[in-house]
Amino acid sequence: MANESVAQDQLRAFVERIERMEEEKKAIADDIKEIYAEAKGNGFDTKVLRQVIRIRKQDRAERLEQEAIL
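Attention in this report is confined to the structure presented alongside it. (Residues numbered from 1 in each chain as written. Predicted model: local features only at pLDDT ≥ 70, side-chain atom pairs only at ≥ 80, totals over all residues. Heavy atoms only, no water.)

Regarding the side chain of T46
Link 1 in the chain: With respect to the helices and strands, T46 occurs in helix α2 (residues 46-57).
Link 2 in the chain: Dropping the residues within four chain positions of it, T46 is found in contact with Y36 and K40. (Helix = DSSP H or I, 4+ residues; strand = E, 2+ residues; numbered from the N terminus. Contact = heavy atoms within 4.5 Å.)

Let's talk about the packing of helix α1 (residues 2-41) against α2
Link 1 in the chain: Look at α1 against α2: their axes get within 10 Å of each other, and the N-to-C directions meet at 130°. Judged by the inter-axis angle, α1 sits oblique to α2. At the point where α1 passes α2, the crossing takes the right-handed sense. Along the contact surface, α1 presents Y36, A39 and K40, while α2 presents T46, L49, R50 and I53.
Link 2 in the chain: Looking at the contact of α1 with α2 residue by residue, the class counts come to 4 nonpolar, 1 polar and 2 charged. (Axes fitted to C-alpha atoms, helices over the stretch in contact; angles between N-to-C directions. Parallel < 35°, antiparallel > 145°, perpendicular 65-115°, else oblique. Left-handed = near helix turned anticlockwise from the far one by under 90°. Nonpolar A, V, L, I, M, F, W, Y, C, P; charged D, E, K, R; others polar.)

Section: the environment of I69
Link 1 in the chain: Examined against the element boundaries, I69 turns out to sit in helix α3 (residues 60-69).
Link 2 in the chain: Each C-alpha atom of the pair I69 and G43 lies 25 Å from the other, and the pair is 26 residues apart in sequence.

Notes on the pattern of salt bridges
Link 1 in the chain: If you walk through the whole model with that rule in mind, you get 3 salt bridges.
Link 2 in the chain: Taking the shortest distance from any N to any O, the salt bridge between K26 and D30 comes out at 3.0 Å. Linking K26 with D30, this pair stays in helix α1, spanning 4 residues, or about one helical turn. (Salt bridge = Lys/Arg side-chain N within 4 Å of Asp/Glu carboxyl O.)

So, α2
Link 1 in the chain: Compared with an ideal rise of 1.5 Å per residue, which puts 12 residues at 16 Å, α2 spans 17 Å between its outermost C-alpha atoms and is within 8% of the ideal.
Link 2 in the chain: The opening residue of α2 is D45, an N-cap whose side-chain oxygen sits 2.9 Å from the backbone nitrogen of K47. (Expected span 1.5 Å × (residues − 1). Polar contact = N/O pair within 3.5 Å; in protein donor to acceptor, adjacent residues only side chain to side chain.)

In short, the description is geometric, and any link to function would need to be established separately.
As structure tokens, this is what we get:
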């Protein structure tokens, strides 16, 4: 019975940690959305901005290939 209680406590702790991280992830996504809106308000093309971000996530070889295509 003690093992069951420990397992339940562990499971609850995992669920609560995941829930907190999901809340943080949503807050960060909202912040990013605001940054894109600000950039758009300053006249920047957000589609291009998103593409630049996507390219910068790639490793150097992939990035060079994409830059050559662009």
